[in-house]
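Spelled out, the chains give:
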Amino acid sequence: MLMAYRTYAALDSRFTRLGRFQPAEKALELWWSGSGIRFSCAASSLEVDIESHSHQQKPWMAVFADDAPVARFPLLPGLHRYPILTGMDPDFPHEISLLRDTQPTFDEEGPVILQTLITDGKLQPAATRAQLIEFVGDSLTVGEGTVGPHAASEWRMAWMSQAYAYPAMVADALHADRRTIALSGWGVWRSWDNDAAHRIGNIYDRLCAPTPGGDIPCPDTLPQAAAVVINLGTNDSNAILSAENQQDASYEITDCAVELMNQIRHRNPDASIVWAYGLCGHALEAPLERAVDRLRNTGDLRVSYLSLSDCNGNLGSRQHPSHEAHRIAAEEISAHLRSVLQTTERGNA
């Protein structure tokens, strides 16, 4: 018998909320990449009603079963029903994650909304995960170029997937939940086209400023992260080429990086903060390392810098690092996080 589960029950313990959200919301709203729900289900079929209000750059959703990506699909404007899993064995339960797979589209009239789950099985709470990892970044963090043909050059949500990018792989390796605040083209100092307004620090403390309805303070009651991984600087390395004085610009980048890490520290007092940079070159390594050193010199020893391996032309679509390049980055980030989180645990013992 088919059962309908209304997902907007804010206190429904069957659903683990992922991403940024308003705790008192009346609808289950998905603002950023990786936002969604996690639950357990043994059923032969699972469908979902989803509401979307984007007409050009349509958002995509991703479905994970036991941490493995099993489906991706774009959303049509309006309220529609989508099949998630069909032809399953109802005797075998699976942990299901239903996530927004792409960033805010800039033509949305509001967030994606999960309305109802329809299944012939029974929903149960998913197993609790001990850690939450937050990822702050740009196109690398939202997974631009991780899917699609190598020759694809047009800017489309179809070539963007966090399901195949390093944040999902890192969270999987550490068996952690993840939360993302990232926008393609944005920077820690300036965007790829040298726009000073398009730096992540300008919007980090807002729920989701690019989307109508989201330019409000981010709630202070959201779960704190055990670790925050920042991957910014790639777009700034293009913007700095237009600077009249690149040395002055370098120190401005350091100041902006320190400011962003202080914002992150305010929201996550006990987190290990890692600035991971280098997947697309190391041009700005010096000012970013300088920012980390400045904070460590103030006594914040839970801040560290990680130099990532350059993808060296290992590209996917949109001339961005490939899924394989993301896998290598994920291994480096995961190993670093294991080290710093173990150090934190020993320090608290």
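Below is a short write-up of the structure.

Rules used in this analysis
- Residues numbered from 1 in each chain as written.
- Predicted model: local features only at pLDDT ≥ 70, side-chain atom pairs only at ≥ 80, totals over all residues.
- Heavy atoms only, no water.
- Helix = DSSP H or I, 4+ residues; strand = E, 2+ residues; numbered from the N terminus.
- Rg over C-alpha atoms; globule rule 2.2 N^0.38 Å.
- Buried < 20%, exposed > 50% of the residue type's maximum accessible area, 1.4 Å probe, protein only.
- Areas by Shrake-Rupley, 256 points an atom, 1.4 Å probe, with all protein chains shown as cover.
- Salt bridge = Lys/Arg side-chain N within 4 Å of Asp/Glu carboxyl O.
- Core = buried A, V, L, I, M, F, W, Y, C linked by side-chain atoms within 4.5 Å.
- Contact = heavy atoms within 4.5 Å.
- Pairing = 2+ DSSP bridges.
- Axes fitted to C-alpha atoms, helices over the stretch in contact; angles between N-to-C directions.
- Parallel < 35°, antiparallel > 145°, perpendicular 65-115°, else oblique.
- Left-handed = near helix turned anticlockwise from the far one by under 90°.
- Expected span 1.5 Å × (residues − 1).
- Disulfide = S-S within 2.5 Å.
- Polar contact = N/O pair within 3.5 Å; in protein donor to acceptor, adjacent residues only side chain to side chain.

1. Remarks on the overall build of the chain
Line of reasoning, step 1. When helices and strands are tallied, the chain shows 6 helices and 16 strands.
Line of reasoning, step 2. For the chain, whose C-alpha radius of gyration is 20 Å, the value lies close to the compact-globule estimate of 20 Å for 349 residues.
Line of reasoning, step 3. Each of the three principal axes of the chain carries a C-alpha extent, and together these read 65 × 50 × 35 Å.
Line of reasoning, step 4. For the chain, the residues scored as buried account for 57% of the 349 residues in total.
Line of reasoning, step 5. Total accessible area on the chain stands at roughly 14300 Å², and carbon and sulfur atoms take up 51% of it.

2. A look at the pattern of salt bridges
Line of reasoning, step 1. A full pass over the atoms with the stated rule returns 19 salt bridges.
Line of reasoning, step 2. Across the pair glutamate 108 and arginine 100 runs a salt bridge, and its minimum N-O distance is 2.8 Å. Arginine 100 shares its class with glutamate 108; the two are buried.
Line of reasoning, step 3. Members of the salt-bridge network, linked through shared partners, are Arg38, Asp67, Glu95, Arg129 and Asp177.

3. Things to note about the nonpolar core
Taken as a class, soluble globular proteins show a tendency for nonpolar side chains to be buried jointly.
Line of reasoning, step 1. The biggest cluster of nonpolar side chains holds 39 residues, and the ones touching the most others in it are Val136, Val188, Ile230, Leu260, Met261, Trp275 and Leu288.
Line of reasoning, step 2. Going through the elements one at a time, strand E12 (132-137), strand E14 (227-231), helix H4 (246-267), strand E15 (272-277), helix H5 (285-297) and strand E16 (303-307) are the ones with two or more residues in this core.
Line of reasoning, step 3. Not counting chain neighbours up to four residues away, the residues in contact with methionine 261 comprise Ile230, Ile273, Trp275, Ala291, Val292, Leu295 and Val303.

4. Considerations on the sheet that holds E16
Line of reasoning, step 1. Strand order across the open sheet formed by 5 strands is E13-E12-E14-E15-E16, with parallel pairing between neighbours. The open sheet has two edge strands with one neighbour each: strand E13 (177-182) and E16. If you compare each strand with its neighbour and ignore which way they point, the axes differ by 20° on average.
Line of reasoning, step 2. Both E12 and E13 contribute to a ladder of 6 bridges, which runs parallel. In the strand pairing of E13, valine 136 is matched with isoleucine 181.
Line of reasoning, step 3. The strands that helix H2 (residues 166-173) touches are E12, E13 and E14; relative to E12, the one it contacts most, it runs at about 160°.

5. Quick word on the packing of H4 against H5
Helix-helix packing is characterised by the crossing angle of the two axes and by the distance between the axes.
Line of reasoning, step 1. Axis separation between H4 and H5 bottoms out at 8 Å; the angle between their running directions is 45°. Accordingly, the angle class assigned to the pair H4 and H5 is oblique. As for the relative orientation of H4 and H5, their crossing is right-handed in sense. Where H4 approaches H5, its residues Ser250, Tyr251, Ile253, Thr254, Asp255, Ala257, Val258, Met261 and Asn262 are matched on the opposing element by Pro287, Leu288, Arg290, Ala291, Val292, Arg294 and Leu295.

6. Considering unusual backbone geometry
Line of reasoning, step 1. You will see that aspartate 67, though not glycine, has its phi angle at about 75°, which is positive.
Line of reasoning, step 2. You will see that asparagine 194, though not glycine, has its phi angle at about 70°, which is positive.
Line of reasoning, step 3. Overall, asparagine 194 belongs to the partly exposed group, its relative accessible area being 25%.

7. Here we look at H5
Line of reasoning, step 1. The terminal C-alpha atoms of H5 lie 18 Å apart, and with 13 residues this matches the ideal 18 Å at 1.5 Å per residue to within 8%.
Line of reasoning, step 2. For H5, the set of buried residues is Glu285, Pro287, Leu288, Ala291, Val292 and Leu295.
Line of reasoning, step 3. Its buried side turned inward, H5 meets H4, E15 and E16.

8. Quick look at the environment of proline 93
Line of reasoning, step 1. Here proline 93 is to be found in the loop between strand E8 (78-86) and strand E9 (94-100).
Line of reasoning, step 2. With a relative accessible area of 52%, proline 93 lands in the exposed category.
Line of reasoning, step 3. Residues proline 93 and threonine 16, 77 residues apart in the sequence, show an inter-C-alpha distance of 16 Å.
Line of reasoning, step 4. Those residues within four positions of proline 93 in sequence are excluded, and the remaining contacts are Ser40, Cys41 and Ala42.

9. Some details on the state of the cysteines
Line of reasoning, step 1. This structure, assessed with the given rule, holds 0 disulfides.
Line of reasoning, step 2. Take cysteine 311: it sits in no disulfide, and the sulfur closest to it among the cysteines is that of cysteine 280, at 4.8 Å.
Line of reasoning, step 3. The buried category is assigned to cysteine 311, whose relative accessible area is 12%.

10. A few points about the pairing of strand E10 (residues 112-119)
Line of reasoning, step 1. Burial analysis of E10 places 8 of its 8 residues in the buried class, the great majority of the element.
Line of reasoning, step 2. Bridge count for strand E5 (residues 45-52) against E10 is 6 bridges, and the pairing is antiparallel. Bridging from a neighbouring strand, valine 48 pairs with leucine 117 of E10.

11. Focus on the side chain of threonine 146
Line of reasoning, step 1. One can find threonine 146 in the loop between helix H1 (139-142) and H2.
Line of reasoning, step 2. Of the polar contacts made by the side chain of threonine 146, one reaches the backbone oxygen of glycine 143; its length is 2.7 Å.
Line of reasoning, step 3. Polar contacts involving the side chain of threonine 146 include one to the main-chain carbonyl oxygen of serine 161, which spans 3.0 Å.

12. Side note on the environment of histidine 55
Line of reasoning, step 1. Looking at where histidine 55 falls in the secondary structure, it is placed in the loop between E5 and strand E6 (60-65).
Line of reasoning, step 2. Residues histidine 55 and leucine 75, spaced 20 residues apart in sequence, show a C-alpha to C-alpha distance of 9.4 Å.
Line of reasoning, step 3. Ignoring any residue separated from it by four or fewer positions in sequence, one finds histidine 55 in contact with Pro77, Asp107 and Glu109.

Shape is all these values report; function is a separate question.
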